[in-house]
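One-letter residues, chain by chain:
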Amino acid sequence: MKLYYSPGACSLSPHIALREAGLPVELVRVNLKNHQTQDGTDFYTINPKGYVPTLILDDGATLTEGPAIVQYIADQLPLSQLAPPHGSMARYRLQEWLTFIGTEIHKAFGPLWNPGAPAETRAAAQARLEQWFGWLDQQLGQHDYLMGDTFTVADGYLYTCVNWCNFLKISLAPWPHLGDYMQRVAQRPAVQAALRAEGLLD
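All chains use their own residue numbering, which begins from 1 and follows the written sequence. Two thresholds apply to this predicted model, a pLDDT of at least 70 for residue-level local features and 80 or more for giving and counting side-chain atom pairs, whereas whole-chain, interface and lining totals are computed over all residues. Side-chain metrics in this entry use all non-hydrogen atoms of the structure; hydrogen atoms and water are not considered.

- Within an unreviewed UniProt entry, the label attached to the protein reads Glutathione S-transferase, and the organism entered is Chitinimonas prasina.
- Regarding the protein, the UniProt comment filed under Sequence similarities (unreviewed entry) reads as follows: "Belongs to the GST superfamily." UniProt positions are given in the numbering used here, feature names are shortened, and annotations may be inferred rather than shown by experiment.

Here is the structure:
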């Protein structure tokens, strides 16, 4: 398979899933400013949406959208327990988490990356994130991971998003359980391998 990524972007989530599953993958870096791959290919010819992640499957099919990609990866190796079995209530809980992360956490960071966003818009976005961080802190005070004691693709996604706080100088000190969780996930060998491959870890 081939994963189109940008270092530290939301494509880190499927990258982590691939490493956790132990699946071989070719990484292709994308410059999101000019939408070109590392060899100069127009990224829009690969994914007309113009954003990462994009996964090219072994049969040549293209899969986009992070939550779909990570579930596909997990289903390639069910014994990895990166996702519960199809049709189970636990699988719907996983999808519940993936949807929440995508709509409430991932998207809320958008204005914070935009230097042209009005100050009140940025402040409102950060306040919303902090509200959700408080709720996540309560959830993570009960379990090591979002789904209990087992790491799943939802954890890779949440870690990817919350990790952006490092770049935006947002301290997690007010939410100690969330902070402990981020450290716990960061210590996983597969996560460290993904970070190192993207040049985010020495």
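### Concerning the overall build of the protein
Move 1: Numbering of helices and strands starts at the N terminus; helices are DSSP runs of H or I of at least 4 residues and strands are runs of E of at least 2. Secondary structure summary: the protein contains 9 helices and 5 strands in total.
Move 2: Ordered by position from the N terminus, the helices and strands of the protein form the series β-α-β-β-β-β-α-α-α-α-α-α-α-α.
Move 3: Overall, the C-alpha framework of the protein stretches about 45 × 45 × 35 Å when taken along its three principal axes.
Move 4: Counting over 202 residues, the protein shows a buried share of 47%.
Move 5: Here a residue-residue contact requires only that any non-hydrogen atoms of the pair lie within 4.5 Å. In the protein, the share of contacts with a sequence separation of at least 24, taken over all contacts with a separation of at least 6, comes to 61%.
Move 6: For the area figures, the Shrake-Rupley method with a 1.4 Å probe applies, and any residue is considered shielded solely by the protein chains shown. Accessible surface, the protein: about 10000 Å² in total, of which carbon and sulfur atoms supply 51%. Burial classification: accessible surface area is computed with a 1.4 Å probe over protein chains only, and a residue below 20% of its type maximum counts as buried, one above 50% as exposed, and the rest as partly exposed.

### Considerations on the sheet that holds strand 2 (residues 26–31)
Move 1: Here, any two strands with at least 2 DSSP bridges between them count as paired. In spatial order, the strands read 3-2-1-4-5; together these 5 strands make up an open sheet with mixed pairing. At either margin of the open sheet sits one strand with a lone partner, and together these are strand 3 (36–37) and strand 5 (62–64).
Move 2: Across 2 bridges, strand 2 lies against strand 3 in antiparallel orientation. Bridge assignment links Asn 31 to a residue of strand 3, and that residue is Gln 36.
Move 3: All axes here are fitted lines through C-alpha atoms, helices being fitted over the stretch that makes contact, and every angle between N-to-C directions spans 0 to 180 degrees. Where helix 2 (residues 66–76) meets the sheet, it contacts strand 4 (54–56) and strand 5, and its direction lies at approximately 120 degrees from that of strand 5.

### Topic: helix 8 (residues 176–186)
Move 1: Within helix 8, the full set of buried residues consists of Leu 178, Gly 179, Tyr 181, Met 182, Val 185 and Ala 186. Axial view of helix 8: buried residues confined to an arc of 160 degrees, hence all on one face.
Move 2: Along its buried surface, helix 8 packs onto helix 5 (119–140), helix 6 (153–162) and helix 9 (189–197). Taking the helix axis as origin, the arc is that swept by the directions to the C-beta atoms.

### Some remarks on helix 5
Move 1: In this scheme, a helix's expected span is set at 1.5 Å multiplied by one less than its residue total. The first and last C-alpha atoms of helix 5 sit 31 Å apart over 22 residues, in line with the 32 Å expected at 1.5 Å per residue.
Move 2: Of the residues making up helix 5, those classed as buried are Ala 125, Leu 129, Trp 132, Phe 133, Leu 136, Asp 137 and Leu 140. Take helix 5 and look down its axis: the buried residues cluster within an arc of 155 degrees, on one side only. The exposed set on the far side of helix 5, more than 90 degrees from its buried face, consists of Glu 120 and Gln 138.
Move 3: Those residues of helix 5 hidden inside the fold are in contact with helix 3 (89–106), helix 4 (110–113), helix 6, helix 7 (164–168) and helix 8.

### Examining the packing of helix 2 against helix 3
Move 1: Packing of helix 2 against helix 3 leaves a shortest axis separation of 11 Å and a crossing angle of 145 degrees. In this structure, helix 2 meets helix 3 at a crossing whose hand is right-handed. Taking contact as the criterion, the partners of Pro 67, Val 70, Gln 71 and Asp 75 in helix 2 are, on helix 3, Arg 91, Gln 95 and Leu 98.
Move 2: Amino acids are sorted into nonpolar (Ala, Val, Leu, Ile, Met, Phe, Trp, Tyr, Cys and Pro), charged (Asp, Glu, Lys and Arg) and polar (every other residue, Gly among them). Residues that form the contact of helix 2 with helix 3 fall into these classes: 3 nonpolar, 2 polar and 2 charged. It is the rotation of the near helix from the far one that decides the hand of a crossing: anticlockwise by less than a right angle makes it left-handed, clockwise makes it right-handed.

### Describing a nonpolar patch on the surface
Move 1: Here the term patch refers to residues with relative accessible area over 30% and no salt bridge, with like charges joined within 9 Å and nonpolar side chains (Val, Leu, Ile, Met, Phe, Trp, Tyr) within 5 Å. Whenever a carboxyl oxygen of Asp or Glu lies within 4 Å of a side-chain nitrogen of Lys or Arg, that contact is scored as a salt bridge. A contiguous nonpolar surface patch, about 290 Å² in accessible area, is contributed by Trp 113, Phe 167 and Leu 200.
Move 2: Position of Phe 167 relative to the elements: it lies in helix 7.
Move 3: In this structure Phe 167 comes out as partly exposed when scored by relative accessible area, which is 46%.

### Quick word on the environment of His 15
Move 1: When you line up the elements, His 15 lands in helix 1 (residues 12–21).
Move 2: Sequence separation between His 15 and Ile 73 is 58 residues, and the spatial gap between their C-alpha atoms is 9.7 Å.
Move 3: Those residues in contact with His 15 that sit more than four places away from it in its chain are Leu 3, Leu 27, Ala 194, Ala 197 and Glu 198.
Move 4: As used in this structure description, the phrase polar contact means that two N or O atoms lie within 3.5 Å; if the pair is within protein, one of them must be able to donate a hydrogen and the other to accept it, and residues adjacent in sequence are counted only when both atoms belong to side chains. For His 15, the side chain forms a polar contact with the side chain of Glu 198, separated by 2.7 Å.

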